[in-house]
Amino acid sequence: MTALLTILLALFQLGPSSQNARCFLCHGKKDFGVVENGKFQSLYVSPKQFEASIHGKFTCVQCHTDVKVIPHFIRPEKISCLQCHFEGNTVGAPVKYLPEMYKYSVHAKASAAGNPNAPTCETCHTTHYVRSPKDTSSGTYRKNIPQLCGSCHKKEFEAYSKSIHYRALENGMLGAAVCTDCHQEHDVLPPSDPRSALSAEGVVRTCTKCHADTLLMEKADVPVQQPEAYSESFHGIALENGMVRAANCTSCHGHHDILPASDPNSPINPKNLPKTCGKCHPHADKNVADGKVHIIPSERSAGIVFFVYTFFKWFTLAVLIFLFAHIALDLSGFIRRKYSRHE
Amino acid sequence: MSDSNGKIVDTADKMIGQVLKEEKVELDEEFKSALKDELVEKIRRHVEDKRREEEERIRKEEKSRKEYFLRFGLNFRLQHLTLAIGVIILIVTGLPIKFHDTLVAKIFFEMIGGIGVSRFLHRLGATLLIIVSIWHVLFITTTKTGRNDFRQLLPTPKDLKDFIQNIKYLLGMSKQKPRYGRFSYIEKFDYWAVYWGMVIMICSGLILWFNNFFLGIVPKFVFDIATEVHSDEAMLATLAIVVWHWYNVHFNPEVFPFNPTIFTGKISKEKMLKDHPLEYEKMLSKSEPKQKKDKPR
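Residues numbered from 1 in each chain as written. Chains lettered and ligands numbered in written order. Predicted model: local features only at pLDDT ≥ 70, side-chain atom pairs only at ≥ 80, totals over all residues. Heavy atoms only, no water.

## Describing the overall build of chain A
Line of reasoning, step 1. Each helix and strand counted, chain A has 17 helices and two strands in total.
Line of reasoning, step 2. In terms of C-alpha radius of gyration, chain A reaches 31 Å, well past the compact-globule figure of 20 Å for 343 residues.
Line of reasoning, step 3. For the C-alpha atoms alone, the extent of chain A along its principal axes is close to 115 × 65 × 40 Å.
Line of reasoning, step 4. Here chain A, with 343 residues, has 29% of them falling under the buried criterion.
Line of reasoning, step 5. Contacts spanning at least 24 positions in sequence make up 42% of the contacts within chain A whose residues lie at least 6 apart.
Line of reasoning, step 6. Carbon together with sulfur atoms contributes 63% to the accessible area of chain A, which is approximately 22,400 Å² in total.
Line of reasoning, step 7. With 36 positive and 30 negative side-chain charges, chain A shows a spacing of 0 Å between the two charge centroids. (Helix = DSSP H or I, 4+ residues; strand = E, 2+ residues; numbered from the N terminus. Rg over C-alpha atoms; globule rule 2.2 N^0.38 Å. Buried < 20%, exposed > 50% of the residue type's maximum accessible area, 1.4 Å probe, protein only. Contact = heavy atoms within 4.5 Å. Areas by Shrake-Rupley, 256 points an atom, 1.4 Å probe, with all protein chains shown as cover. Lys, Arg positive; Asp, Glu negative; His and termini not counted. Charge placed at Lys NZ, Arg CZ, Asp CG, Glu CD.)

## What about the layout of surface pockets?
All names here are of chain B.
Line of reasoning, step 1. Here the second largest pocket is characterised by a volume of approximately 470 Å³.
Line of reasoning, step 2. Along its surface, the second largest pocket is lined by 17 residues, and T145, N148, D149, R182 and E279 are the ones closest to its centre.
Line of reasoning, step 3. Those elements that provide at least two residues to the lining of the second largest pocket are α3 (74-98), α6 (144-153) and α13 (277-294).
Line of reasoning, step 4. Residues belonging to the lining of the second largest pocket are distributed by class as follows: six nonpolar, five polar and six charged. (1 Å grid on protein atoms, 1.4 Å probe; cavity = no way out; pocket = protein on both sides within 12 Å on 5 of 7 lines; lining within 4 Å. Points joined across faces, edges and corners; volume = space filled by probe spheres on them. Nonpolar A, V, L, I, M, F, W, Y, C, P; charged D, E, K, R; others polar.)

## Side note on helix α11 (residues 200-211) of chain A
Residue and element names in this part refer to chain A.
Line of reasoning, step 1. For α11, built from 12 residues, the straight-helix expectation of 16 Å at 1.5 Å per residue is met to within 8% by its first-to-last C-alpha distance of 17 Å.
Line of reasoning, step 2. Residues of α11 that are buried: A200, G202, V203, V204, T206 and C210.
Line of reasoning, step 3. Elements that come into contact with the buried residues of α11 comprise α10 (179-183), α12 (214-220), α13 (226-232), α14 (234-240) and α15 (249-253). (Expected span 1.5 Å × (residues − 1).)

## Points about the domain arrangement of chain A
Line of reasoning, step 1. Per the domain assignment, the segments making up chain A are domain 1 (1-79), domain 2 (96-188) and domain 3 (297-321).
Line of reasoning, step 2. Here the C-alpha centre of domain 3 of chain A lies 48 Å away from the C-alpha centre of domain 2 of chain A. (Domains from an automatic or database assignment.)

## Quick notes on a positive patch on the surface
All names here are of chain B.
Line of reasoning, step 1. A cluster of basic residues, K144, R147, R151, K282 and K286, forms a positive patch on the protein surface.
Line of reasoning, step 2. If you list the elements that add at least two residues to the positive patch, you get α6 and α13.
Line of reasoning, step 3. Broken down by element, the positive patch gets its largest block of residues, three residues, from α6.
Line of reasoning, step 4. Checked against the element boundaries, R151 lands in helix α6.
Line of reasoning, step 5. In this structure R151 comes out as exposed when scored by relative accessible area, which is 53%. (Patch = residues over 30% accessible without salt bridge, like charges linked within 9 Å, V, L, I, M, F, W, Y side chains within 5 Å. Salt bridge = Lys/Arg side-chain N within 4 Å of Asp/Glu carboxyl O.)

## A closer look at the nonpolar core
A general feature of soluble globular proteins is that nonpolar side chains tend to end up buried together.
Line of reasoning, step 1. Formed by 14 residues in total, the largest nonpolar core has its most connected members in V204, A238 and L239 of chain A together with I115 of chain B.
Line of reasoning, step 2. Within the residue set of this core, elements represented by two or more residues are α11 and α14 of chain A together with α4 (103-112) of chain B.
Line of reasoning, step 3. When residues no more than four places from it in sequence are discounted, the contact partners of I115 of chain B are F234, I237, A238, N241 and M243 of chain A together with I97 and F109 of chain B.
Line of reasoning, step 4. Formed by 11 residues, the second largest nonpolar core is a distinct cluster that contains V319 and L323 of chain A together with Y185 and L236 of chain B. (Core = buried A, V, L, I, M, F, W, Y, C linked by side-chain atoms within 4.5 Å.)

## Regarding helix α7 (residues 157-171) of chain B
All names here are of chain B.
Line of reasoning, step 1. Helix length check: α7, at 15 residues, gives a terminal C-alpha distance of 22 Å against a target of 21 Å (1.5 Å per residue), a fit within 8%.
Line of reasoning, step 2. When we look at burial in α7, the residues that qualify are D159, D162, N166, I167, Y169 and L170. With its buried residues spanning 160 degrees around the axis, α7 presents them on a single face. More than 90 degrees from the buried face of α7, the exposed residues found are P157, L160 and K161.
Line of reasoning, step 3. Once α7 ends, the next one or two residues include G172, with phi positive near 85 degrees. (Arc of directions from axis to C-beta.)

## Digging into the interface of chain A and chain B
Line of reasoning, step 1. Across the boundary between the two partners, chain A contributes 45 residues, which contact 46 residues of chain B.
Line of reasoning, step 2. Both sides together, the interface formed by chain A and chain B hides about 4,100 Å², and carbon and sulfur atoms give 70% of it.
Line of reasoning, step 3. A per-residue breakdown of the area chain A buries against chain B is headed by N241, F312 and H326 of chain A, which together make up 15% of the total.
Line of reasoning, step 4. For the pair chain A and chain B, the number of links is two salt bridges.
Line of reasoning, step 5. Put simply, E240 of chain A and K106 of chain B hold a salt bridge, and the shortest N to O gap is 2.7 Å. (Buried area = accessible area lost by both parts, 1.4 Å probe.)

## Points about the pattern of salt bridges
Line of reasoning, step 1. Taken as a whole and judged by the stated rule, the model has 26 salt bridges over all chains.
Line of reasoning, step 2. As a salt-bridge pair, R337 of chain A and E254 of chain B come within 3.0 Å of each other at their nearest N and O atoms. Here R337 of chain A is found in helix α17 (residues 304-342), whereas its partner E254 of chain B is found in the loop between α10 (220-251) and α11 (261-264) on a different chain.
Line of reasoning, step 3. Its salt-bridge partner being R52 of chain B, residue D49 of chain B comes within 3.6 Å of it at the nearest N-O pair. Here R52 of chain B and D49 of chain B lie together in helix α2 (residues 29-65), a separation of three residues that amounts to about one turn.
Line of reasoning, step 4. One salt-bridge network, held together by shared partners, links R71, D149, R182, E187 and E279 of chain B.

## Observations regarding the packing of aromatic side chains
Line of reasoning, step 1. One pass over the full model with this rule turns up 25 aromatic pairs over all chains.
Line of reasoning, step 2. Consider the rings of F157 of chain A and Y166 of chain A, whose centres lie 5.7 Å apart with planes at 80 degrees: the pair is edge-to-face.
Line of reasoning, step 3. Residues W192 of chain B and Y195 of chain B carry aromatic rings whose centres are separated by 4.9 Å and whose planes lie at 40 degrees to one another, so their mutual orientation is tilted. Placement of both W192 of chain B and Y195 of chain B in helix α8 (residues 185-209) is noted, with a separation of three residues, approximately one turn of the helix.
Line of reasoning, step 4. Judged by its relative accessible area of 26%, W192 of chain B falls in the partly exposed class.
Line of reasoning, step 5. The structure contains a cluster of three or more aromatic residues connected by ring pairs, namely F322 of chain A together with F163, Y180, Y185, F189 and W244 of chain B.
Line of reasoning, step 6. Lying across the ring of Y68 of chain B, K266 of chain B places its NZ or CZ 4.9 Å from the centre. (Phe/Tyr/Trp six-rings, centres within 6.5 Å; stacked < 30°, edge-to-face > 60°. Lys NZ or Arg CZ within 6 Å of the ring centre and 35° of its normal.)

## Examining the domain arrangement of chain B
Line of reasoning, step 1. Partitioning chain B into structural domains gives domain 1 (2-65) and domain 2 (68-291).
Line of reasoning, step 2. With centres defined by C-alpha atoms, the gap from domain 1 of chain B to domain 2 of chain B works out at 65 Å.

## A word on the confidence of the model for chain B
All names here are of chain B.
Line of reasoning, step 1. Taken residue by residue, chain B gives an average pLDDT of 89. The fraction at 70 or more is 95%.
Line of reasoning, step 2. The secondary structure element of chain B with the lowest average pLDDT is α13, at 70, and the one with the highest is helix α5 (residues 115-142), at 96.
Line of reasoning, step 3. Low pLDDT, under 50, characterises residues 290-297; the stretch is placed with zero contacts to residues that sit more than four places away or in other chains. (pLDDT = per-residue confidence, 0-100.)

## Structural notes on the pairing of strand β1 (residues 33-36) of chain A
Residue and element names in this part refer to chain A.
Line of reasoning, step 1. Sheet topology places β1 next to strand β2 (residues 39-42); four bridges connect them, and they run antiparallel. By the bridge assignment for β2, G33 is matched with S42.
Line of reasoning, step 2. Once β1 ends, the chain turns through two residues before running back antiparallel as β2, passing N37 with a positive phi of about 50 degrees. (Pairing = 2+ DSSP bridges.)

Below you can see the structure in the form of structure tokens.
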């Protein structure tokens, strides 16, 4: 009786690692593989690395559900990550970054069109060694994302690597914008798509997300009023109300190779402003550099505009007080005359 | 009618009887009744004439009490109409830009078809405003009535006296309402507020409208000032119109619901005597010597 119980307990205590050990009998051998179409294809999975991954606590057959007996001689079906990572799943698979949205992305479209280079889940997340984006050794860790995307998007990475965002990231500012902050993680859409975070209207929201964040901007030593000032400017108002050709953030600042105004290569460097403004305003010359950009009239930093604003504020108030007082007097006079006439 | 007719017949009878008594003559019945009829007819006609005359006199008196003067000529009225239409278009299409965060502005842009449409309308209103400003400058320089009106619109020390007198009158400290000329200080204030507003709005508006042209001429901060001034003065002008102008010509209980003079050009003698007594007196003194001059010819 006690022997039976011990066996049962032992059976229940069998963890995934001891269950997976049976798979690793074959798949744990480095030279394990098959020859397919005359090519050797490795079927090796490093047990060490798999166990260190975020899925290490699961058994192989939890994903490879069609493997029932060992050894299996048929190729298991390709598995979908969405079988766990769907919204409302009960196994606790995280969906914070909306993996389901991948199906709308340019990547999914290219993949469906038969492009063999189009990335799928495992291209970025790896197949068996998936790690949390919080894990510094993960390919999807913030600091590693530029290299991850750059492995395909070489030209974009080159431009980005010159930017202030990348420089900050290299200097340990983890909050600095990486690819996914603007392009989204999974629903990467072209800027021409109105749903995209990079559409003309979307790009303002996308930049504002970080550049209106007081704490983050304080750390980066970047002024925080820019998005508010922009949305109050005519460019911002026009864009917000259907004039797509109005200048948005990237029209002046560029996108991948964003640099501060102090940098001579920046499109917003005073020397380069005539050219930058000239993209839309053909008569722009060095005059456009003569004055501040992104000003909030009610703040002292706006310079002369602040004084104009203040003058009009008090002037309007004074005029209105006078007008209302005169009207009140006129009405009271009318009422008194009417009252005394009736007497 | 028959009752008064009977009275007249009685009177005629009595008159004939008295004459016959005094003269001591007898008349045959036929002549007497013919004479009576004639007399009755004459008296009746006389009474009717008198009555008609009286009615005519009363009617004339009433008419003179409702006598109208021409206060604003057609030119003057059309200027105001153009200005009013322009300003309404400008306010309706301009305020949503200033208050672009509000729901009303969002609904407005949605309904009108985006800021591209409202911007076009705003520039249409601006064109009206520019046209009326040029028109008005020509009016006050080239026409006699225009020059005369402009001269009377210039502020004088009397306006300050009128203002103080009016305050006293409104407070009940004085029984005497200030005696205004052609334009009261209230009307002058309205006029000069528009004058100042037009100069500011048209200047700043042109810089913003033709930004490409001005970019090569003025530095960037001038655009910032123009933007701020255009927005702030628009607010001030709108409030002045809604509060001050609307009170004076619409909501003031003396003129409610509105004073039609600026559209019809007519002002009643009664209102003229009350609101512009000095102008009335001046008009009378001007027309009287003319009549005297005409007489000797």
